[in-house]
Amino acid sequence: MNTGLRRKIEARRPVPDPDAVTPLRTLGTALSHVAEDRLRLMLGAVGGEEARRAKSELAAMVDPQALLLLVADADGRRGLLALSPPVLAGLVERHTTGRIGTGTLPQRKPTRTDAAIVTGFLDAALARFAATQDLWPEAAAGAVGRYAVCGTADDVRQLALMLGEGDYGVIAIDLQLTEGGTREGRLLLALPEVARAAGKARHQPRQTAEEPQAAADVREHRVGRRENHGRRELRR
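Residues numbered from 1 in each chain as written. Predicted model: local features only at pLDDT ≥ 70, side-chain atom pairs only at ≥ 80, totals over all residues. Heavy atoms only, no water.

> Describe the environment of Arg38, naming the residues involved and giving the relevant values.
Secondary-structure assignment places Arg38 in helix H2 (residues 23-39). Placed 83 residues apart in sequence, Arg38 and Phe121 show a C-alpha to C-alpha distance of 7.5 Å. Every residue in contact with Arg38, bar those within four places of it in the chain, is listed here: Gly120 and Ala124. (Helix = DSSP H or I, 4+ residues; strand = E, 2+ residues; numbered from the N terminus. Contact = heavy atoms within 4.5 Å.)

> Could you give me a rundown of the pattern of salt bridges, with the residues and numbers involved?
Enumeration over the complete set of coordinates arrives at 7 salt bridges. Between Asp114 and Arg108 there is a salt bridge whose closest N-O contact spans 2.9 Å. One salt bridge in this structure joins Asp174 and Arg186, with 2.8 Å as the shortest N-O distance. In this pair, Asp174 is assigned in strand E5 (residues 167-179) and Arg186 in strand E6 (residues 181-192), connecting sequence segments 12 residues apart. Of the residues examined, Arg186 reaches a relative accessible area of 28% and is grouped as partly exposed. Three or more residues joined by partner-sharing salt bridges are found here, namely Glu49, Asp174 and Arg186. (Salt bridge = Lys/Arg side-chain N within 4 Å of Asp/Glu carboxyl O. Buried < 20%, exposed > 50% of the residue type's maximum accessible area, 1.4 Å probe, protein only.)

> Tell me what's going on with helix H4 (residues 85-96), and back it up with residues and numbers.
Between its terminal C-alpha atoms H4 stretches 16 Å, which fits the 16 Å expected from 12 residues at 1.5 Å a residue. Buried residues along H4 sit in contact with H2, strand E2 (67-72), strand E3 (78-83), helix H5 (112-130), E5 and E6. Looking one or two residues past H4, Gly98 carries a phi angle of roughly 90 degrees, positive in sign. (Expected span 1.5 Å × (residues − 1).)

> Talk me through the environment of His95; I want residue IDs and the actual numbers.
Looking at the element boundaries, His95 is found in helix H4. Taking the C-alpha atoms as reference points, His95 and Ile117, separated by 22 residues in sequence, lie 7.4 Å from one another. Once you skip the residues sitting within four places of it in the chain, His95 turns out to touch Leu39 and Ile117.

As far as function goes, none of this settles anything; it's purely spatial.
Printed below as a string of structure tokens:
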């Protein structure tokens, strides 16, 4: 589809329900819970967006200095996960020094050591994220299945050679990491599109012990928002 036409169609879509369970919301919840459980780190989602993009459009969405990771599911479909320098630095600092730094970040290229440090955290968050997919609306952007980190790339062009053709569901989420200091940056996840009706039958992720709790966390978050809204209405 023509890029300009695609964006015009997206602009005409109705504003989403703020209480809806969406991939963007559930990814933020997954990252927050895993950061607390594994790192005792306060991590919050402060913004973000969902979109469908062709593979050729992904490069323009990625920070040139980001850590670029290849993710894959059990059937070999591949996607992209990119961590902007502040998010990467915050996670590495928490792992290595126990605190988030406050100084200006040096200009440096991410390393394979950086990737190794954050992979366990990201894999746990992706597993928790996958456990919520049955709660998403039918039109949600993103793929069905459980993904995990399987490699790194030096630049976006190299990564593009590893990805299949077609459309990708993109979730770009703005994060704030706080422990001592604060870092703010973006995580971008792009997964190949899979029809949800077929995906539920063929690509159901294997369930781990923590995954039922992930879905419960999202439901609790949605109920809590509704209760708070009700209290505000009663005060009027």
